[in-house]
Structure formats: structure tokens, C-alpha cells
Amino acid sequence: MTLPLPTRPGHVHAYLLPGDDGWTIVDTGVGLPDAKDRWASELEQAGGRVARIFVTHFHPDHVGAAADLHELTGAPVYQGALDYAQCELVWGNPAWSERLLEWFSLHGVPDDVTDELVGQSSVYRPFIRYQRDPILMEAGEHLDGWELVDAPGHADGQLCLLEGGILVAADHILGRISPTVGLWPASRADPLGDYLVALARTIELDPTVALPGHGDVIDDPAGRARGLQEHHRIRLEETAAALSSEPRTGYQLSFPLFGEDLKPAARRFAVAETLSHLERLVRVEAAARSEGGGLVTYTAT
Ligand SMILES: [Zn+2]
């Protein structure tokens, strides 16, 4: 089922997986004012009952209508334990915007720009109706016969579902766009490192087909995972090449890597993504990080 998204890429897919006791719905879309009506008419067309709702990760377009869908169907909501902890930290926490402001300023974003960046991130806030106290799941567990597969990187606690060669991939691999892999406050320390491991695991699992959160069905998931590994290898090289002996912040380095002309929302992701590449380089001793005077900076080694 394809749901509208007010920002790029303009849509998000949810999936209805058939089972003996009814549908397992994977992901819910944004909790827009008409979310419940839209789901009601889609489910009427699909027929049958909804047995459970599974949220792959806490981003607005995946978790946003979970409470709506629960109210509509009465079905229990399942979500990864780590992912739900981050969901509460970000969406259930009025102090989060403040934390994000401090964090961007620590990475060199000027004050006037920071306000714009954080203002942008609050756009979705009223439309995130996540379900409190879902049933918490871990990778390796099963949900109606589907194995939950750990897919960190795009979100630390993202879980995919795998059965019979079908990978419900959420935003772990996408066909045309490269899923954002950013460093955020309270995210794990090396999200790109986590992502590269998760891609290697996808190649090993070698599913026949992957159903992504956005865009077309992927009929060569392992090949796409290799393509994304290569994309990040090149981006790591470019990031290393942008470094010198002069200390520079993640914000400054986002300009040579992502260009000068970015809207605030895009700059926000550019900074987070630049930082995930820098932290990976720090771990392989191809970059050095230092912190002082309220700023984190990076240099070449
Ligand atoms: Zn996402």
C-alpha cells in the first residue's frame, strides 16, 4: 500500500503480509489528519482482519500512523526494543529540540542556521502518532513466521522481515536513492560502520526480492547492497580527501561533500551524513577528531 508523504520522495510503502490469522501490516505512513480514513478504505478493499501491526523504525513516515491504525483495527503493535527507546527519546520528549540545537552547534552549525534546521525537523512532530507501549521485539525473533533481521545504519534499531527469500527491507536498501546514514545525538557511535556490516549480511542472506519503503521492488537485493557498499566506499574517499591539517567541523565539511546550495532540511541530513563518514574514518585512523571550545573538529591523519 502506497501512502502520501508531504516531503520528498512524496510517498512511502506499507506492506500487508498474509497470514492464517489475518494481515500483518508493516509500517503505517505519517499520522496525517486523514490517515485513519485512508487506512479504513484501503483495508476495506483488502478484506479480512488485521492480526498485527509491525513498525520497522521510528522515522515519521513509518511509525507516524501506528496509533491510528491500532485504534482502527484493535491489532497489537510490535516494534524493535532499541527502536522504540529511540522513538520515545525523539518523539516523546519535549526537550529533544533543545538537545538537537546543542548538538548541531557542537558540530559547527551557526546559530541562525541551527534554528532553521531544527525548525524543519519539527514539521512532522504533530503527525507522529506512535503507539505507546508496543510489544517489544529483538532481531532473530519471529513474527507470524517472518524472521526479524537486524538492519542498523539508517536507524540504529531498524528491523527487516525475512521469509522464503522475501526481504521486507523498509529503508535498509532502496532501489534508486541511497538511504541516509547519519550520526545523530544519542545514535550509536559509528552508524556507517553498522550499516556496512548490515549490507554484508544482506549479501550473505541473498534474498530473491526486497520490498523497500520507497520506490520500486528490488529484484537483486544482494547486487543493490554491493552498489551501496561501493557508494559509501567512494564517499569515504571523498570525505578523507576533504580533510587537511586545518581543523574543520562537520558543518564546514558538509559543503565540499554535499554542495553549497541546500535547503535547511537537506543541510540537516548533509551534516549528519558527513559526520557518519567522518566517524567511520576516525575508526580506521584516516581522520582525527578533537573537541574543545564547544566545537568538535576533524583533521587528516
Ligand atoms: Zn527512515
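Residues numbered from 1 in each chain as written. Predicted model: local features only at pLDDT ≥ 70, side-chain atom pairs only at ≥ 80, totals over all residues. Heavy atoms only, no water.

S.K.: Is there a simple way to explain the coordination of the zinc ion in this structure?
M.R.: Coordination angles at a metal have ideal targets, namely 109.5 degrees for four tetrahedral donors and 90 or 180 degrees for six octahedral donors. Around the zinc ion, the protein contributes the donor atoms His57 (NE2), His59 (ND1), His154 (NE2) and Asp171 (OD), at 2.0 to 2.6 Å from the metal centre. Classification of the site at the zinc ion rests on its four donor atoms, whose angles at the metal span 88 to 176°, yielding the label irregular. As a motif over one chain, the donors of the zinc ion read H-x1-H-x94-H-x16-D. Taken together, the positions of histidine 57 in the loop between strand 5 (50-55) and helix 2 (60-63) and aspartate 171 in the loop between strand 11 (166-170) and helix 7 (191-205) put the pair 114 residues apart, joining distant regions of the chain. Take histidine 57: its relative accessible area is 0%, and that puts it in the buried class. (Donors = N, O, S within 2.8 Å, 3.2 Å for Na, K, Ca; no water. Tetrahedral: all angles 85-135°; square planar, octahedral: opposite > 155°, others 65-115°. Helix = DSSP H or I, 4+ residues; strand = E, 2+ residues; numbered from the N terminus. Buried < 20%, exposed > 50% of the residue type's maximum accessible area, 1.4 Å probe, protein only.)

S.K.: Which parts of the structure should I look at to understand the nonpolar core?
M.R.: Across soluble globular proteins, nonpolar side chains have a tendency to be buried as a group. The biggest cluster of nonpolar side chains holds 68 residues, and the ones touching the most others in it are Trp39, Phe104, Ile173 and Tyr298. Apart from residues no more than four positions distant in its own chain, isoleucine 173 is found in contact with Pro179, Tyr195, Leu199, Thr202, Ala210, Pro212, Ile218, Pro221, Arg224 and Leu228. Listed in part, the 13 residues of the second largest apolar core include Phe54, Tyr78, Leu148 and Leu161. (Core = buried A, V, L, I, M, F, W, Y, C linked by side-chain atoms within 4.5 Å. Contact = heavy atoms within 4.5 Å.)

S.K.: Please explain the packing of aromatic side chains as it appears in this structure.
M.R.: Aromatic ring pairs are reported here in terms of the distance separating the ring centres and the angle at which the planes meet. The final tally for this structure, using the stated rule, is six aromatic pairs. On the numbers, 6.1 Å between centres and 65° between planes, the contact of tyrosine 84 with tyrosine 130 is edge-to-face. One end of the pair, tyrosine 84, is in helix 4 (residues 81-91); the other, tyrosine 130, is in the loop between helix 6 (111-121) and strand 7 (135-137), and 46 residues separate them in sequence. This pair shows no difference in class: tyrosine 84 is buried, exactly as tyrosine 130 is. Seen in terms of ring centroids, phenylalanine 104 and tryptophan 184 are 6.4 Å apart; in terms of plane orientation they differ by 90°. Their pairing is edge-to-face. You can see phenylalanine 104 sitting in helix 5 (residues 96-106) and its partner tryptophan 184 sitting in the loop between strand 11 and helix 7, a full 80 residues away along the chain. Using a relative accessible area of 22% as the deciding quantity, one classes tryptophan 184 as partly exposed. One aromatic cluster in this structure is built from Trp103, Phe104, Trp184 and Phe269. Just above the ring of phenylalanine 258 sits the side chain of arginine 235; from NZ or CZ to the centre is 4.6 Å. (Phe/Tyr/Trp six-rings, centres within 6.5 Å; stacked < 30°, edge-to-face > 60°. Lys NZ or Arg CZ within 6 Å of the ring centre and 35° of its normal.)

S.K.: Hey, could you run me through the sheet that holds strand 12 (residues 209-212) in this one?
M.R.: Hydrogen bonds along the backbone pair up the strands of a sheet, which may run parallel or antiparallel. Strand order in this open sheet of five strands is 8-9-10-11-12, and the pairing throughout is mixed. Pairing within the sheet leaves two strands with one partner each, and these edge strands are strand 8 (142-143) and strand 12. Where strand 9 (residues 146-150) meets strand 10 (residues 159-163), four bridges bridge the pair, whose relative direction is antiparallel. Bridge pairing links glutamate 147 to leucine 162 in strand 10. (Pairing = 2+ DSSP bridges.)

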